[in-house]
Amino acid sequence: EQDISIPELSLACGVRENVIMDILAGIREPDITTLCKIADALGICVHELCPVEEKYAIPLGSINGIEDIAKEDISLVQSKEVINLRGRVIPILRLHDILDTEPLEEDPESLIVVIMQKAEQQVGLVIDELIGQQETVIKSLGHHITCDKLFSGATILGDGEVALILDTNTLM
(Lines give C-alpha, C1' and ligand atoms only; values in the text may rest on other atoms or scores of the structure.)
Protein backbone atom coordinates (compact mmCIF):
# COMPACT_ATOMS: atom_id res chain seq x y z
CA GLU A 1 0.00 0.00 0.00
CA GLN A 2 1.36 3.39 -0.98
CA ASP A 3 0.52 6.73 0.57
CA ILE A 4 -0.49 9.71 -1.52
CA SER A 5 -1.03 13.11 -0.06
CA ILE A 6 -3.90 15.42 -0.88
CA PRO A 7 -1.53 17.90 -2.56
CA GLU A 8 -0.15 15.06 -4.71
CA LEU A 9 -3.66 13.96 -5.63
CA SER A 10 -4.61 17.55 -6.36
CA LEU A 11 -1.61 17.92 -8.66
CA ALA A 12 -2.28 14.56 -10.38
CA CYS A 13 -5.89 15.35 -11.15
CA GLY A 14 -5.68 19.08 -11.73
CA VAL A 15 -8.30 19.82 -9.09
CA ARG A 16 -7.79 22.35 -6.32
CA GLU A 17 -7.00 20.93 -2.88
CA ASN A 18 -10.05 22.61 -1.33
CA VAL A 19 -12.31 20.69 -3.75
CA ILE A 20 -10.78 17.41 -2.61
CA MET A 21 -11.08 18.53 1.01
CA ASP A 22 -14.78 19.30 0.44
CA ILE A 23 -15.24 15.79 -0.89
CA LEU A 24 -13.41 14.28 2.07
CA ALA A 25 -15.42 16.29 4.60
CA GLY A 26 -16.90 13.92 7.14
CA ILE A 27 -14.43 11.11 6.45
CA ARG A 28 -12.26 10.85 9.56
CA GLU A 29 -9.16 9.11 8.22
CA PRO A 30 -9.09 8.97 4.43
CA ASP A 31 -6.99 6.05 3.25
CA ILE A 32 -5.61 5.20 -0.16
CA THR A 33 -8.86 3.43 -1.12
CA THR A 34 -10.87 6.57 -0.44
CA LEU A 35 -8.43 8.75 -2.37
CA CYS A 36 -8.45 6.28 -5.28
CA LYS A 37 -12.24 6.33 -5.45
CA ILE A 38 -12.17 10.11 -5.54
CA ALA A 39 -9.48 10.09 -8.21
CA ASP A 40 -11.46 7.51 -10.19
CA ALA A 41 -14.58 9.64 -9.92
CA LEU A 42 -12.57 12.59 -11.21
CA GLY A 43 -11.43 10.49 -14.16
CA ILE A 44 -7.80 10.09 -13.14
CA CYS A 45 -5.92 6.91 -13.87
CA VAL A 46 -4.21 5.88 -10.64
CA HIS A 47 -4.76 2.13 -10.87
CA GLU A 48 -1.20 1.40 -9.82
CA LEU A 49 -2.00 2.93 -6.41
CA CYS A 50 -5.45 1.47 -5.92
CA PRO A 51 -6.32 -1.78 -4.20
CA VAL A 52 -7.82 -4.50 -6.38
CA GLU A 53 -11.01 -5.04 -4.39
CA GLU A 54 -13.60 -2.31 -4.60
CA LYS A 55 -16.96 -2.32 -2.86
CA TYR A 56 -20.19 -0.86 -4.16
CA ALA A 57 -23.61 -0.56 -2.59
CA ILE A 58 -27.09 -0.85 -4.09
CA PRO A 59 -30.05 0.76 -2.32
CA LEU A 60 -32.23 -1.98 -0.83
CA GLY A 61 -35.42 -0.36 -2.17
CA SER A 62 -34.20 -1.02 -5.73
CA ILE A 63 -33.54 -4.73 -5.18
CA ASN A 64 -36.28 -7.19 -6.12
CA GLY A 65 -34.20 -10.29 -5.47
CA ILE A 66 -30.82 -11.98 -5.75
CA GLU A 67 -30.41 -15.04 -7.94
CA ASP A 68 -27.66 -17.58 -8.58
CA ILE A 69 -27.79 -18.12 -12.36
CA ALA A 70 -25.90 -20.85 -14.22
CA LYS A 71 -23.88 -19.43 -17.11
CA GLU A 72 -25.69 -21.72 -19.56
CA ASP A 73 -29.00 -20.06 -18.58
CA ILE A 74 -27.88 -16.80 -20.19
CA SER A 75 -29.24 -16.19 -23.67
CA LEU A 76 -28.64 -13.54 -26.29
CA VAL A 77 -31.54 -11.47 -27.64
CA GLN A 78 -30.57 -8.86 -30.23
CA SER A 79 -26.94 -9.27 -29.06
CA LYS A 80 -27.91 -8.42 -25.45
CA GLU A 81 -27.56 -10.88 -22.58
CA VAL A 82 -30.84 -11.90 -20.92
CA ILE A 83 -32.09 -14.46 -18.43
CA ASN A 84 -35.49 -16.11 -18.19
CA LEU A 85 -36.57 -15.79 -14.58
CA ARG A 86 -39.92 -17.32 -13.67
CA GLY A 87 -41.29 -16.70 -17.16
CA ARG A 88 -39.97 -13.13 -17.48
CA VAL A 89 -37.14 -12.21 -19.83
CA ILE A 90 -34.80 -9.90 -17.92
CA PRO A 91 -31.82 -8.12 -19.50
CA ILE A 92 -28.59 -8.39 -17.55
CA LEU A 93 -25.72 -5.97 -17.15
CA ARG A 94 -22.27 -6.89 -15.88
CA LEU A 95 -20.96 -4.48 -13.25
CA HIS A 96 -17.34 -5.06 -14.27
CA ASP A 97 -18.22 -4.02 -17.86
CA ILE A 98 -20.00 -0.87 -16.69
CA LEU A 99 -17.07 0.11 -14.44
CA ASP A 100 -14.44 -1.09 -16.94
CA THR A 101 -12.77 -3.38 -14.40
CA GLU A 102 -11.61 -6.98 -14.44
CA PRO A 103 -13.96 -9.62 -13.00
CA LEU A 104 -12.70 -11.50 -9.92
CA GLU A 105 -13.21 -14.82 -11.70
CA GLU A 106 -12.76 -15.04 -15.47
CA ASP A 107 -15.26 -17.80 -16.34
CA PRO A 108 -17.45 -18.68 -13.34
CA GLU A 109 -19.87 -21.61 -13.51
CA SER A 110 -22.65 -19.49 -12.03
CA LEU A 111 -23.31 -15.78 -11.68
CA ILE A 112 -24.67 -13.72 -8.81
CA VAL A 113 -27.42 -11.57 -10.32
CA VAL A 114 -29.07 -8.76 -8.37
CA ILE A 115 -32.54 -8.20 -9.81
CA MET A 116 -33.27 -4.48 -9.68
CA GLN A 117 -36.71 -3.05 -10.29
CA LYS A 118 -38.03 0.39 -11.16
CA ALA A 119 -41.80 0.45 -11.66
CA GLU A 120 -42.46 -2.51 -14.03
CA GLN A 121 -38.94 -2.56 -15.51
CA GLN A 122 -36.45 -5.14 -14.25
CA VAL A 123 -32.73 -5.47 -14.91
CA GLY A 124 -30.28 -8.05 -13.58
CA LEU A 125 -26.90 -6.77 -12.42
CA VAL A 126 -24.13 -9.39 -12.43
CA ILE A 127 -21.77 -8.85 -9.50
CA ASP A 128 -18.59 -10.63 -8.43
CA GLU A 129 -19.42 -11.12 -4.79
CA LEU A 130 -22.26 -10.44 -2.37
CA ILE A 131 -21.14 -9.11 0.99
CA GLY A 132 -24.52 -8.69 2.67
CA GLN A 133 -27.00 -6.14 3.87
CA GLN A 134 -25.97 -3.16 5.98
CA GLU A 135 -27.63 -0.02 7.21
CA THR A 136 -25.56 2.92 6.05
CA VAL A 137 -25.59 6.68 5.96
CA ILE A 138 -25.37 8.11 2.45
CA LYS A 139 -22.91 10.94 1.92
CA SER A 140 -23.33 13.08 -1.18
CA LEU A 141 -20.39 13.22 -3.57
CA GLY A 142 -21.04 16.94 -3.90
CA HIS A 143 -21.41 19.04 -6.99
CA HIS A 144 -17.72 18.65 -7.89
CA ILE A 145 -18.10 15.01 -8.96
CA THR A 146 -20.76 13.86 -11.40
CA CYS A 147 -19.37 10.42 -12.39
CA ASP A 148 -21.72 10.36 -15.36
CA LYS A 149 -24.41 10.03 -12.66
CA LEU A 150 -23.40 6.39 -12.14
CA PHE A 151 -23.03 6.94 -8.39
CA SER A 152 -25.60 8.62 -6.18
CA GLY A 153 -23.28 8.96 -3.18
CA ALA A 154 -20.86 7.15 -0.93
CA THR A 155 -21.02 5.47 2.44
CA ILE A 156 -18.62 4.27 5.08
CA LEU A 157 -19.14 0.59 5.78
CA GLY A 158 -18.94 -1.04 9.19
CA ASP A 159 -15.32 -2.07 8.56
CA GLY A 160 -14.36 1.56 7.81
CA GLU A 161 -14.06 1.10 4.05
CA VAL A 162 -15.77 3.46 1.62
CA ALA A 163 -18.33 2.10 -0.83
CA LEU A 164 -19.76 4.08 -3.71
CA ILE A 165 -23.53 3.77 -4.00
CA LEU A 166 -24.73 2.84 -7.48
CA ASP A 167 -27.49 4.97 -8.93
CA THR A 168 -29.90 2.27 -10.06
CA ASN A 169 -32.00 4.76 -12.04
CA THR A 170 -28.99 5.43 -14.27
CA LEU A 171 -28.25 1.72 -14.66
CA MET A 172 -31.79 1.00 -15.73
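Before reading further, recall that the structure is shown in the block above.
Residues numbered from 1 in each chain as written. Predicted model: local features only at pLDDT ≥ 70, side-chain atom pairs only at ≥ 80, totals over all residues. Heavy atoms only, no water.

Undergrad: Is there a simple way to think about the overall build of the protein in this case?
TA: Secondary structure assignment for the protein yields five helices and nine strands. Each helix and strand of the protein, placed in order from N terminus to C terminus, yields the pattern α-α-α-β-β-β-β-β-α-β-β-β-β-α. Counting all 172 residues of the protein, 41% fall into the buried class. For the protein, the share of sequence-separated contacts (at least 6 apart) that also reach a separation of at least 24 residues comes to 54%. Only carbon and sulfur atoms are counted for the fraction: they give 48% of the accessible area of the protein, which is about 10800 Å². (Helix = DSSP H or I, 4+ residues; strand = E, 2+ residues; numbered from the N terminus. Buried < 20%, exposed > 50% of the residue type's maximum accessible area, 1.4 Å probe, protein only. Contact = heavy atoms within 4.5 Å. Areas by Shrake-Rupley, 256 points an atom, 1.4 Å probe, with all protein chains shown as cover.)

Undergrad: How should the sheet that holds strand 9 (residues 162-166) be read in this particular structure?
TA: Paired through their backbone hydrogen bonds, the strands of a sheet run either parallel or antiparallel. Strand order in the open sheet formed by three strands is 1-9-8, with mixed pairing between adjacent strands. The open sheet has two edge strands, strand 1 (56-57) and strand 8 (151-156), and neither has a second partner. Taken together, the two bridges between strand 1 and strand 9 define a ladder with parallel strand orientation. Looking across to strand 9, one finds that Tyr-56 is bridged to Leu-164. (Pairing = 2+ DSSP bridges.)

Undergrad: It is not clear to me how the sheet that holds strand 7 (residues 121-127) should be interpreted in this structure. Could you clarify?
TA: Spatial ordering of the open sheet is given by 2-6-7-5-4-3, a layout of six strands whose pairing is mixed. Either end of the sheet is taken by a strand with one partner, and the two such strands are strand 2 (63-70) and strand 3 (74-77). Pairs of neighbouring strands in the sheet enclose a mean axial angle of 40°, with direction left out of account. With four bridges connecting them, strand 3 and strand 4 (residues 80-85) associate as antiparallel partners. Residue Ser-75 lies in a different strand from strand 4, and its bridge partner there is Val-82. (Axes fitted to C-alpha atoms, helices over the stretch in contact; angles between N-to-C directions.)

Undergrad: Looking at this model, I keep getting lost on the pattern of salt bridges. Mind explaining?
TA: A pair can form between side chains of opposite charge whenever their charged atoms are brought close. On inspection of all chains with the given rule, the structure shows three salt bridges. For the salt bridge of Lys-71 with Glu-109, the shortest nitrogen-to-oxygen distance reads 4.0 Å. Of the two residues, Lys-71 is situated in the loop between strand 2 and strand 3 and Glu-109 in the loop between helix 4 (95-98) and strand 6 (110-118); the sequence distance between them amounts to 38 residues. Between Glu-81 and Arg-94 there is a salt bridge whose closest N-O contact spans 2.8 Å. Of this pair, Glu-81 sits in strand 4 while Arg-94 sits in strand 5 (residues 88-94), and the two are 13 residues apart along the sequence. (Salt bridge = Lys/Arg side-chain N within 4 Å of Asp/Glu carboxyl O.)

Note that every value here comes from positions in space, so none of it alone points to a role or purpose.
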